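Remarks on the overall topology
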Amino acid sequence: MKIGFIYAGQGSQVVGMGKSFYDHYETARKIMDSIQIDFDVKDLCFNGPIDVLSQTQYTQPCMVACAIMATELLKENGIEPAMSAGLSLGEYSALYSAGVMDAKTTIDLVRFRGQAMEEAAKGIESKMVAVLGLDRETLQKCVEEASAYGVVQIANYNCPGQLVIGGEAKAVDKAAKLALENKARRALPLNTSGPFHTSLLEKASIALANKFKEVTFHEMRMPVIFNSTAKPLEANSTIAEMLTRQVKSSVYFEDSVRYMLSQGVDTFIEIGPGKVLSGFIRKIDKTIKCCQVEDQESLEKTLKELKGEK
């Protein structure tokens, strides 16, 4: 068995996330109680309200805190990945799993990242739309044509038949209309607070580049597959450069999974609320084993599955 950890991104958050870990495991309590930033992460994770938890600047540290708890609980039970990846925000949790940053640094960075992303999106009338049932090449032509109306790009390559476009609202609407005219099955507006993973996040990218000058990134214990390249870190790149680029670049999740499969990964563990990434993986290759860890019950179920117990 060759295990890959995949970490959920923003949008998966739910009120109550992490609570059963905290209630049942001393390791989880130590992690959550040690977090010291400018709001109460534990209270927001456990009690909400969802409208606050869903604001980018709050979502990011909360999601990562829960991912760190799950990662450490798996590790305590002898489950560690051969490689890892994360969807957007999840890339930071993947880097944590590889030993690149400790818990405090990871939480502090995503707190900063969330604020920088919200600040960069201020004043932009933006939109993100999931386009279903259209191939990449056709959607790219739609996007290029719609660019006459403003900034619009393919922001996420999630899985076959699911792509996400983002940018300025008028241009995104035009691209979505063209996609439907080109036989896309559906074009669904997403509830996001900014044009994430597009060039409109340039300000956030610059802010992160400056922030990373204060951070020491440690050597990776195992490969992390990066969103913007769908490959491990290349010899001429740094982690800081990859994270600076990631916030304004497309997320190649499908390609990242295909790379992991090509390297022999045969079991994925999705870490975070819900099963969105497992759904993507099944559309990429329905024969691959997917487990999921978001609370005590799913952790125990995953441990039993991995140990071959019924």
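See above for the structure.
What this report covers is the structure whose coordinates are included nearby. Please read these numbers as outputs of a predicted model, since none were measured by experiment. (Residues numbered from 1 in each chain as written. Predicted model: local features only at pLDDT ≥ 70, side-chain atom pairs only at ≥ 80, totals over all residues. Heavy atoms only, no water.)

**Observations concerning the overall build of the protein chain**
Put simply, the rule is: Each helix is a run of H or I in the DSSP string that is no shorter than four residues. Each strand is a run of E no shorter than two, and both are numbered from the N terminus. Our radius of gyration is a C-alpha quantity, and the globule rule it is checked against amounts to 2.2 Å times the number of residues to the power 0.38. Any residue under 20% of the maximum accessible area for its type is buried, any over 50% is exposed, and the rest in between are partly exposed; the area is computed with a 1.4 Å probe on protein chains only.
A count of helices and strands for the protein chain gives 14 helices and eight strands. Compactness check: the protein chain gives a C-alpha radius of gyration of 19 Å against a globular reference of 19 Å for 310 residues, within 12% of the reference. Dimensions of the protein chain, computed from the C-alpha atoms along their principal axes, are close to 55 × 45 × 40 Å. The buried share of the protein chain, taken over its 310 residues, is 54%.

**Overview of the sheet that holds strand 4 (residues 152-159)**
To keep things clear, this is the line we draw: A pair of strands counts as paired when DSSP detects no fewer than two bridges linking them. In this description, a line fitted to the C-alpha atoms serves as the axis of each element, helices being fitted only across the stretch in contact, and the angle between N-to-C directions of two axes falls anywhere from 0 to 180 degrees. Pairs of residues are marked as contacts when any of their non-hydrogen atoms sit within 4.5 Å.
The sheet built from four strands is open, its strands ordered 4-5-3-6 with antiparallel pairing. Strand pairing shows two members of the sheet lacking a second neighbour, strand 4 and strand 6 (186-189), which therefore form its edges. Shown here is a sheet whose adjacent strand axes are inclined to one another by a mean of 25°, direction ignored. For strand 3 (residues 126-132) and strand 6, the ladder comprises four bridges, and the chain directions are antiparallel. Each residue of the ladder has a partner; that of Ala 130, found in strand 6, is Leu 188. Seen against the sheet, helix 8 (residues 136-146) touches strand 3, strand 4 and strand 5 (162-168) and runs at an angle of roughly 160° to strand 4. Sheet strands in contact with helix 13 (residues 276-284) are strand 4 and strand 5, and its direction is about 80° off that of strand 4.

**Section: the packing of aromatic side chains**
Basically, it comes down to this: Between 30 and 60 degrees the pair is tilted, below 30 it is stacked and above 60 it is edge-to-face, where a pair is any two Phe, Tyr or Trp rings, Trp via its six-membered ring, whose centres lie within 6.5 Å.
On inspection of all chains with the given rule, the structure shows six aromatic pairs. Ring geometry for Phe 5 versus Tyr 7: centroids 6.3 Å apart, planes at 75°, classification edge-to-face.

**Considering the sheet that holds strand 2 (residues 83-86)**
With parallel pairing, four strands are arranged side by side in an open sheet as 2-1-7-8. Two strands close off the open sheet at either side, each with one partner strand: strand 2 and strand 8 (289-293). Between one strand axis and the next, the sheet turns through 25° on average, direction left out of account. Bridge count between strand 7 (residues 267-271) and strand 8: five bridges; the pairing is parallel.

**Topic: the side chain of His 197**
Residue placement: His 197 occurs in the loop between strand 6 and helix 10 (202-212). Leave out the neighbours within four places in its chain, and His 197 touches Ser 88, Arg 113, Ala 155, Gln 246, Val 247, Lys 248, Ser 249, Ser 250 and Val 251.

**Some remarks on the nonpolar core**
We count it as follows: Take the buried Ala, Val, Leu, Ile, Met, Phe, Trp, Tyr and Cys residues and link them wherever side-chain atoms come within 4.5 Å; each set so joined is a nonpolar core.
Residues Phe 21, Met 32, Leu 74, Phe 217 and Ile 269 are the most contacted members of the largest nonpolar core, which totals 70 residues. By residue number, the principal contributor to this core is helix 5 (residues 56-76), which donates twelve residues. Those residues in contact with Leu 74 that sit more than four places away from it in its chain are Phe 5, Ile 79, Ile 269, Ile 271, Val 293, Leu 299 and Leu 303. Counting 19 residues, the second largest nonpolar core, distinct from the first, contains Ala 146, Ala 176, Leu 178 and Ala 184.

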